[in-house]
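So you can see what is in the structure, the chains are spelled out below.
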Amino acid sequence: MSPSTPSKCILPSGTDFDPDLFDHIALWNTECERIEMRLRSRAAHTVKIPDLDLSLDIALGEDLRTELSCKFRPDTLIAELKAGGFTVRYWWTDPAARFALVMAVPN
């Protein structure tokens, strides 16, 4: 097992997903300003998920995106909220303004 391979997966009963067939990859997406977590297949294989009546063919080197960690700037977040029909009522930050908690309410 690669040191960057996830050691625990929560899967439906009967699923034959093998974490040892993947490497964990973390990429910075500059355009979207986010970190993308992925599992990259170390071999071509098929994963069966009986509860969903699904078989998933995974190619060698194929990425499965598992997580997004999005970074927001105040101006772009306010614009996105406004476009979605919300107004920022409060904006709290830590002393260095690295983290924020925002309360947005419907217009």
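Everything in this summary refers to the structure shown in the same document. Predicted model only: the values in this text are computed from it and were never measured.

### Observations concerning the packing of aromatic side chains
At step 1: Here the structure, examined in full by the defined rule, presents two aromatic pairs.
At step 2: Here the aromatic rings of Phe17 and Phe22 are separated by 4.9 Å at their centres, their planes lie at 15°, and the arrangement is stacked. For the pair shown, Phe17 and Phe22 are each scored as buried.

### Examining the state of the cysteines
Two cysteines, two sulfur atoms, one covalent bond between them: this is a disulfide.
At step 1: Summed over the entire model, instances satisfying the criterion amount to zero disulfides.
At step 2: The thiol of Cys32 is unpaired, and the distance to the nearest cysteine sulfur, on Cys70, comes to 8.1 Å.
At step 3: Relative accessible area serves as the criterion here: at 37%, Cys32 is assigned to the partly exposed category.

### Focus: a nonpolar patch on the surface
At step 1: Nonpolar side chains collect at one region of the surface, where Tyr90, Trp92, Leu101 and Met103 lie side by side and expose about 420 Å² of accessible area between them.
At step 2: Residue assignment for the nonpolar patch shows that the elements contributing at least two residues are strand 6 (86-93) and strand 7 (100-106).
At step 3: Tracing the chain through its elements places Leu101 in strand 7.

### Notes on the sheet that holds strand 2 (residues 34-41)
At step 1: Strand order in this open sheet of three strands is 1-2-5, and the pairing throughout is antiparallel. In the strand order of this sheet, the two ends are held by strand 1 (22-29) and strand 5 (63-70), each with one partner. Along the sheet, successive strands turn relative to each other by an average axial angle of 20°, direction set aside.
At step 2: Pairing analysis gives eight bridges linking strand 1 to strand 2, with the strands arranged antiparallel. By the bridge assignment, Ile25 is partnered in strand 2 with Arg38.

### Observations regarding the pattern of salt bridges
At step 1: Per the stated rule, a full pass over the model turns up seven salt bridges.
At step 2: Taking the shortest distance from any N to any O, the salt bridge between Asp23 and Arg42 comes out at 3.4 Å. One end of the pair, Asp23, is in strand 1; the other, Arg42, is in the loop between strand 2 and strand 3 (45-49), with 19 residues separating them in the sequence.
At step 3: Residue class for Asp23 comes out partly exposed when judged on its relative accessible area of 21%.
At step 4: Arg73 is the partner of Glu33 in a salt bridge, and the nearest nitrogen-oxygen pair spans 2.6 Å. On the criterion of sequence distance, the pair formed by Glu33 in the loop between strand 1 and strand 2 and Arg73 in the loop between strand 5 and helix 1 (74-83) is long-range, its members being 40 residues apart.
At step 5: The exposure class assigned to Glu33 is partly exposed, which follows from its relative accessible area of 22%.
At step 6: Residue class for Arg73 comes out partly exposed when judged on its relative accessible area of 47%.
At step 7: A single network of salt bridges, built from pairs that share partners, joins Arg34, Glu36, Arg38, Arg40 and Asp63.

Cut-offs applied
Residues numbered from 1 in each chain as written. Predicted model: local features only at pLDDT ≥ 70, side-chain atom pairs only at ≥ 80, totals over all residues. Heavy atoms only, no water. Phe/Tyr/Trp six-rings, centres within 6.5 Å; stacked < 30°, edge-to-face > 60°. Buried < 20%, exposed > 50% of the residue type's maximum accessible area, 1.4 Å probe, protein only. Disulfide = S-S within 2.5 Å. Patch = residues over 30% accessible without salt bridge, like charges linked within 9 Å, V, L, I, M, F, W, Y side chains within 5 Å. Areas by Shrake-Rupley, 256 points an atom, 1.4 Å probe, with all protein chains shown as cover. Salt bridge = Lys/Arg side-chain N within 4 Å of Asp/Glu carboxyl O. Helix = DSSP H or I, 4+ residues; strand = E, 2+ residues; numbered from the N terminus. Pairing = 2+ DSSP bridges. Axes fitted to C-alpha atoms, helices over the stretch in contact; angles between N-to-C directions.

Everything listed here is a matter of coordinates, which is why it stays silent on function.
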